[in-house]
Structures are given as structure tokens and as C-alpha cells.
Amino acid sequence: MVALIEMGIVGSRKGSFCCSSSPSLFTLLLAFLFVFSSHRFTLVFGLNYTKYRHYSSLRLARIQRHLDKINKPPVLTIVSPDGDIIDCVHRKKQPAFDHPLLKNHKIQREPPERPKVKSLKVEVEGEEGEERKKEKNEGTMMKGTWQMWHNNGTMCPKGSVPIRRSTVDDVLRAKSLYHFGRKQRRLPLDVARRNDAPDVVSGNGHEHAIAYTPWQEIYGAKATINVWDPSIEQVNEFSLSQIWVLSGSFDSDLNSIEAGWQVSPELYGDNRPRLFTYWTSDAYQATGCYNLLCAGFVQTNSRIAIGAAISPVSSFASNQYDITVLIWKDPKLGNWWMGFGDNTLVGYWPADLFTHLAERATMVEWGGEVVNTRANGEHTSTQMGSGHFAEEGFGKSSYFRNLEIVDSDNSLGSVQNIQILAENSNCYNIQSSYGNDWGTHFYYGGPGRNPNCP
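The rules behind each value
- Chains are numbered independently. Their residues run from 1 in the order of the written sequence.
- It should be noted that, the model being predicted, local features are given only for residues of pLDDT at least 70 and side-chain atom pairs only at 80 or more, the latter also being counted only at that level, while totals for whole chains, interfaces and linings use all residues.
- Each side-chain value is worked out from all heavy atoms of the structure, with water and hydrogens disregarded.
- Per the convention used, a helix needs a DSSP run of H or I reaching at least four residues, while a strand needs a run of E reaching at least two, with both numbered from the N terminus.
- Exposure categories follow from relative accessible area, calculated using a 1.4 Å probe and restricted to protein chains: below 20% of the type maximum is buried, above 50% is exposed, and the middle band is partly exposed.
- We call two residues in contact when some of their heavy atoms are within 4.5 Å.
- A 1.4 Å probe and the Shrake-Rupley method give the accessible areas. Residues count as covered only by the protein chains that appear here.
- Points on a 1 Å grid, built from protein atoms alone, make a cavity when a 1.4 Å probe fits but cannot get out and make a pocket when they are open with protein on both sides within 12 Å along at least 5 of 7 lines; residues with an atom within 4 Å of a point are the lining residues.
- Grid points are joined across faces, edges and corners, and a volume is the space filled by probe spheres set on the points.
- Following DSSP output, two strands are said to pair if at least two bridges run between them.
- Every angle, taken between N-to-C directions, lies between 0 and 180 degrees, and every axis is a line fitted to C-alpha atoms, over only the stretch in contact when it is a helix.
- We call Phe, Tyr and Trp rings a pair once their centres come within 6.5 Å, taking the six-membered ring for Trp, and we label the pair stacked below 30 degrees between planes, edge-to-face above 60, and tilted otherwise.
- Cysteine sulfur atoms that pair up within 2.5 Å are treated as a disulfide.
- Under this definition, polar contacts are N or O atom pairs within 3.5 Å; protein pairs additionally need one hydrogen-donor-capable and one acceptor-capable atom, and for neighbouring residues in sequence, both atoms have to be side-chain atoms.

S.K.: How should I be thinking about the overall build of the chain in this particular structure?
M.R.: Scanning the chain from N- to C-terminus turns up six helices and 22 strands. Considering the chain as a whole, with its 454 residues, one finds that 53% of them fall into the buried category. Within the chain, contacts between residues at least 6 apart in sequence are counted, and of these 74% link residues at least 24 apart. Counting every atom, the chain has about 20,000 Å² of accessible surface; 51% of that belongs to carbon and sulfur.

Laid out in C-alpha cells, this is it:
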């Protein structure tokens, strides 16, 4: 809310309203309040009016009402070293239950049935231990990527979930309040592309380097992704690496569940890689959002904050840090669960949110995506992954390893037949392979603008 400090009006130490200034100033204040109340404007107390004075009071009031809706009252607040504010919210008060389809939803307390690991190992001559050799020569693959807000040792109490608090600045960086926390709609494929190719966003400046499955019945997907901090040229561009679990028609009723890491200055206000989720049930038109910025995703974990920064991150020709993401449909109750790391459950997307995904998925995509706004009439220098091309390999390129899918028997097995796609391989590319340690995997990424990508 708009603070009155800009006008020189402050409270006394006892909290009483101080009117020691001249009568003319007091009269001016009364007139000011009368004008605002007569137009039914809401004073937005608590905001620094000097900082926001070039925005209309009506716009600020609308933003504050939206923030009051998504920022639920916390039982504990934790300030992260990176500046994030993490609110510990009672799990029954989280934003998910504002969704009209979830008004009577009961949090799933019965543990989901985890996918069974299918034993399938294909011996590849000459590749046994190849990844370990790469680690020795180019750096070490490290475990233990975690979140920066854990650094001070404070955790959310039992029965609550950590939610990154959204601010007025976060909303003002978006194109509009409506666009805050949303992806742009995916555009239809060029008709020249093969019918079995995935319908990724080929417009709005979105570019990809992905692997994907042929159309089939799928009940989940998994991969391990190394984490980098790619540079972003424009504030409204982003770089992400994620899993897409998809079903439906790409031009009208696409259902999508997504998770991975992303760098998005517009959404978060910095260039740190962050754990994120997304969902939509209508091809990104009106439903769904990032993280917990709208009703939908039900969080159950008290230690992982979706949207919080991941630390540490991979370094060129040095230590590599990765995260493991699993998305699968619980055969018991039908909800789509998200797993993080080896055995950590984060939460779930209720089946009621979806149409096609209420039954199954038909395609999975793994890989990177960037936005290229061509702000100066040339390709962006926003990096994908590490900012290096796929052929540079371990320790230098980004990777997805151990790509797996969940079948109708709730069994998790290595993907055997993937196809790859990069719309502009001079800017970002991808190379897939198979090894006994990493199973089906690929390297991907690139620097964006370069002599071959003007």
C-alpha cells in the first residue's frame, strides 16, 4: 500500500498520528484522503511510494490485492542469504486450495506408489566406465545441490510448507498482472515439420534443444540434469532446462506438467538458477502458472521451496552439480507427483486439474529452452545450459543423463528410442548417446549469438 512518508507524515514513537506541521498541510492531507475515498481507491500502505510513484495508485492497489491472495499468512518467515523471503505456510492454507476444482480436496496422506525400477542394461562396447573417465579428466560429478535458504539452518516447522514470497517488484517486471507467473502460449508447428515431431514453441522467440519420445502411453518421466548459471541478455528473456510431460492438442487443449531449473530475471529479479514447476490444461491460454503463483500444485514437503535458488552450481572444466527430477502418475489415486533427488517427494498436481493428463501422457520432452527477443535486431547472447555447444562434452557442456519413462505397469525404465531437435543448431545444439553408467543421455546448449548465429 502507498505509504504517506513521501508527504512527510509520520507517526510518533507511541504510534499516535503527528500533526505538528502547519494547518495547511493537515488540510491538504484531508483533501488527499477525500479524493481517494471518493473514487474508491485503496491506499496501499507499506509500499515505498517514492519508489513506485510513477505507477498509478489503482494499479498498485490491484497488485497488492493479488499479492494478498497468493502470499498466505506464514507461521514462520525465513530470510534467505540471496534476499528471498521464504514463508512457512500451514499446508492446509497454501494457494492450491483457492482453485475452484480443489475446494473440497483432501491432501493426499497415503504415500504414492513409487515406480518400480526396471532392470535393463545394454552393454555398449568401449563405453563401460566412460563417464567416470570423463569425470576424472574434466571434473567431478558432485551430489548435494540444495537451496540457498537452508544456509542459516532454519527450517519450516512440521505441518507447514515453504513458499517463496512474491513482491510488488516481481509483478511490475512482468508485462502485466495477467502475465505474471505465466508462460506464453505455445504456437502451432510449421506444417513442413514431420508429423511425429513435438510441437515446441517455435514462435515468440522461443528456441529449444530437446530430446523427445515418439507418441505412446506414458505415466511419468525422470532425468538427472546438471545445473549452471547461464547469462541472460535481456530481463524478459530466460534460460531453462526441464522435463515436459505432455498430452492433448498443442494448439488448443494441451495438458503439460513441467519441472527443472531456470534462470529468469523477469520472474525472480536475479540471474540465479532456481528449481521450478509449471502446469497448464489449455495450451498456456488461461490455466496454470509457475511454481505456487496460482492455485493448483499441492506441496507436501517442508524442506524444498519451489522457486528458490539452487546452490552450488556447475563450473566449467571443474565440479559438476546435478539434480534429479521425477514426475509420475500415482496408480492408486491418479495424482501426478514430483520427486526431487533420490527419494524426496515435493508434492503433486491433482488429477482434477487436467483433461488429457487425467488419464495418461502421450509424450515426454527433455532439454533446454531460451527466449530470443532480438532486442537489437540480432540474435540474443542469452546462453542455454552452460553456454557451450554439445560437442564440448562433460565438464563443459550441459547434460541430461539417465533418461527414463514410467510405463502402464508403474515401472521405470531407460528410454530406448529418443529423437532430438534443435531449431537453430548454430545457436544451440544437442547430441544424444547411450552408455552403461548414464543410460540414455545427451549434451546440449550453446552461447546464442556468435559468428554463425548473427
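S.K.: Got a minute to help me understand empty space enclosed by the protein in this structure?
M.R.: To locate leftover empty space, one rolls a probe as large as a water molecule over the atoms. Evaluation of the coordinates by the stated rule reveals two cavities of 30 Å³ or more. Here the largest cavity is characterised by a volume of approximately 120 Å³. Along the wall of the largest cavity there are 13 residues; nearest its centre are Arg164, Ser166, Asn291, Leu292 and Leu293. Every element with two or more residues in the lining of the largest cavity is listed here: β6 (160-164) and α6 (265-268).

S.K.: Is there a simple way to explain the sheet that holds strand β10 (residues 255-263) in this structure?
M.R.: Note: strands within a sheet are paired through backbone hydrogen bonds, in either parallel or antiparallel orientation. Taken together, the six strands give an open sheet; going across it, the order is β11-β10-β9-β17-β7-β20, and neighbouring strands pair in antiparallel fashion. The open sheet terminates on both sides in strands that have one partner only, identified here as β11 (274-280) and β20 (419-422). Across the sheet, the axes of successive neighbouring strands diverge by a mean angle of 20°, strand direction being ignored. Inspection of the sheet shows β10 paired to β11 by seven bridges, in the antiparallel sense. Bridging from a neighbouring strand, Gln262 pairs with Arg274 of β11.

S.K.: Help me understand the packing of aromatic side chains, please; the structure alone is not making it clear to me.
M.R.: Using the criterion set out here, one finds 16 aromatic pairs in the structure. Note on Trp337 and Tyr348: the rings are 4.8 Å apart at their centroids and 40° apart in plane angle, and the pair reads as tilted. Highlighted residues: Trp337 in strand β15 (residues 336-340) and Tyr348 in strand β16 (residues 344-349), separated in sequence by eleven residues. Across the pair, exposure class does not vary: Trp337 and Tyr348 are buried alike. Residues Phe400 and Phe442 carry aromatic rings whose centres are separated by 5.0 Å and whose planes lie at 15° to one another, so their mutual orientation is stacked. Highlighted residues: Phe400 in strand β18 (residues 398-406) and Phe442 in strand β22 (residues 439-445), separated in sequence by 42 residues. Residue Phe400 is classed as buried on the basis of its relative accessible area, which comes to 0%. For Phe442, a relative accessible area of 0% gives the class buried. Here the aromatic residues Phe276, Tyr278, Tyr284 and Tyr290 are joined through ring pairs into a cluster of three or more.

S.K.: It is not clear to me how the environment of Ser318 should be interpreted in this structure. Could you clarify?
M.R.: Mapping Ser318 onto the fold places it in the loop between β13 (310-311) and β14 (320-329). As for Ser318 and Gly395, which are separated by 77 residues in sequence, their C-alpha atoms are 6.2 Å apart.

S.K.: Where do I start with the state of the cysteines in this structure?
M.R.: According to the stated counting rule, one finds three disulfides in the structure shown. Here Cys88 engages in a disulfide with Cys156; their sulfurs sit 2.1 Å apart. Because the sign of the S-S torsion sets the handedness, a value of about -80° for the bond joining Cys88 and Cys156 places this disulfide among the left-handed ones. Residue Cys88 is found in strand β2 (residues 85-90), and its partner Cys156 is found in the loop between β5 (146-147) and β6; the two are separated by 68 residues along the sequence. The disulfide bridge from Cys289 ends at Cys294, spanning 2.1 Å between sulfur atoms. Torsion about the S-S bond of the Cys289 and Cys294 cystine: about -90°, corresponding to left-handed handedness. For the chain, the disulfide bridges join cysteines in the arrangement 1-2, 3-4, 5-6, where the cysteines are counted in sequence order.

S.K.: What should I look at first to understand the side chain of Lys183 in this one?
M.R.: Relative to the assigned elements, Lys183 resides in the loop between α5 (168-173) and β7 (206-212). Residue classification places Lys183 among the buried residues on the basis of a relative accessible area of 9%. At 3.2 Å, the side chain of Lys183 and the side chain of Gln242 are in polar contact. Excluding residues that lie within four positions of it along the chain, Lys183 makes contacts with Leu240, Gln242, Trp244, Glu258, Tyr278, Tyr284, Tyr290 and Glu369.

S.K.: Explanation requested: the environment of Gln320 in the structure shown.
M.R.: Relative to the helices and strands, Gln320 is located in strand β14. Measuring from C-alpha to C-alpha, the distance between Gln320 and Phe394 comes to 8.8 Å, with 74 residues separating the pair along the chain. In this structure the side chain of Gln320 is engaged in a polar contact, spanning 3.0 Å, whose partner is the side chain of Asn226. Of note is the side chain of Gln320, whose polar atom sits 3.1 Å from the backbone oxygen of Ser318.

S.K.: So what exactly am I meant to see when it comes to the environment of Leu267 here?
M.R.: Here Leu267 shows up in helix α6. The class of Leu267 is buried, set by a relative accessible area of 9%. Taking C-alpha positions, Leu267 is 9.0 Å from Val235, a pair spaced 32 residues apart along the chain. In contact with Leu267, other than residues within four places in its own chain, are Arg164, Asp170, Arg173, Phe180, Gly181, Gln262, Tyr290 and Leu293.

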